[in-house]
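Below, each chain spelled out in residue letters.
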Amino acid sequence: MLYTAFIFGLISSFHCVGMCGPIAMMLPVDRNNAAKKTTQIITYHLGRLLAYATIGLIFGLVGRGLFLAGFQQKLSIFIGVAMIVVILIPEKIFAKYNFSKPAFRLISKIKATLGSQFKNKSYKSIFTIGLLNGFLPCGMVYVALFGAIAMQNEAFGVLYMILFGLGTVPLMSSVVYLNSILTVHVRNKIQKVIPYIGIIMGILFILRGLGLGIPYVSPSNMSLFVQPTPNCH
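Residues numbered from 1 in each chain as written. Predicted model: local features only at pLDDT ≥ 70, side-chain atom pairs only at ≥ 80, totals over all residues. Heavy atoms only, no water.

## Things to note about the environment of Leu-114
Point 1. Take Leu-114: it is sitting in helix 6 (residues 104–117).
Point 2. Residues Leu-114 and Gly-130 lie 16 residues apart in sequence; the distance between their C-alpha atoms is 8.9 Å.
Point 3. Those residues within four positions of Leu-114 in sequence are excluded, and the remaining contacts are Ile-23, Ile-129, Leu-132, Asn-133 and Leu-136. (Helix = DSSP H or I, 4+ residues; strand = E, 2+ residues; numbered from the N terminus. Contact = heavy atoms within 4.5 Å.)

## With respect to the confidence of the model for the chain
Point 1. For the chain, the mean per-residue pLDDT works out to 76, and 74% of the residues sit at or above 70.
Point 2. Considering each helix and strand of the chain separately, the mean pLDDT is smallest for helix 5 (residues 91–97), with a value of 56, and largest for helix 7 (residues 123–135), with 90.
Point 3. Under a pLDDT of 50 for its full length, residues 223–233 has, in the predicted model, 13 contacts with residues more than four places off or in other chains. (pLDDT = per-residue confidence, 0-100.)

## Quick look at the nonpolar core
Point 1. If you look at the biggest cluster of nonpolar residues, it comprises 27 residues, and the most contacted ones within it are Phe-8, Ile-79, Met-83, Val-141, Tyr-160, Met-161 and Phe-164.
Point 2. Every element with two or more residues in this core is listed here: helix 1 (2–19), helix 3 (34–68), helix 4 (72–88), helix 8 (139–150), helix 9 (154–178) and helix 11 (194–210).
Point 3. Of all hydrophobic cores here, the second largest spans 15 residues; its members include Ile-110, Phe-118, Met-172 and Val-175. (Core = buried A, V, L, I, M, F, W, Y, C linked by side-chain atoms within 4.5 Å. Buried < 20%, exposed > 50% of the residue type's maximum accessible area, 1.4 Å probe, protein only.)

## A few points about the side chain of His-45
Point 1. Here His-45 lies in helix 3.
Point 2. Not counting the four nearest positions on each side in its chain, His-45 is found in contact with Val-169, Met-172 and Ser-173.

## Points about the packing of aromatic side chains
Point 1. Summed over the entire model, instances satisfying the criterion amount to 2 aromatic pairs.
Point 2. Ring geometry for Tyr-52 versus Phe-164: centroids 5.7 Å apart, planes at 65°, classification edge-to-face. With a gap of 112 residues between them, Tyr-52 in helix 3 and Phe-164 in helix 9 connect regions that are remote in the sequence.
Point 3. Exposure remark for Tyr-52: the relative accessible area of 5% places this residue in the buried category.
Point 4. Under the relative-accessibility criterion, Phe-164 is labelled buried at 1%.
Point 5. Taken together, the aromatic side chains of Phe-8, Tyr-52 and Phe-164 make up a single cluster linked through ring pairs. (Phe/Tyr/Trp six-rings, centres within 6.5 Å; stacked < 30°, edge-to-face > 60°.)

Following this line, the structure appears as structure tokens:
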């Protein structure tokens, strides 16, 4: 199921262009030195990947706890259903209930710190921008986190989120050069594809939880990452 993370990252990066593209375009990179500019962009992405890896670790631990409690199959089915529900519910509904309100002060502080970093062109500041950017609320990241939980292992949770982040790198890196090509009309067309990809991912997780005996898709043995009983002879 790890491959779904990278694919979803590639597709959702079109959403990222609209949400985080302005941040990438405002990066205080060296416009006159192509080599330095490239290393600065890589530094920015390393910061984002570290943020994703951190939250992947946290949610991977949650998934591991649920796995050890014996909920692995039900968990995979629940996560698949949750992915589909999150994709189908309009963003206006989430905005209405403002689920991020309890963390509003923290998010405001992150945004304030993020804004101050644009005044400095050092690698440290650019890395910090990427790091803070990765912790900002994002619907696509929330969907990816469901996948990290379903990995039922902290290491695979980290890897899942890193692969998701890597999937967003190509388009986020070239957003400045593709800005004239990726018009609002084109982005709107591509964004219509994102829900279908999310639903397909949800179905895959549901099939995985059903244990239908389909190799790689719905294995009958759900003990994919953690051996439930010691193998002693």
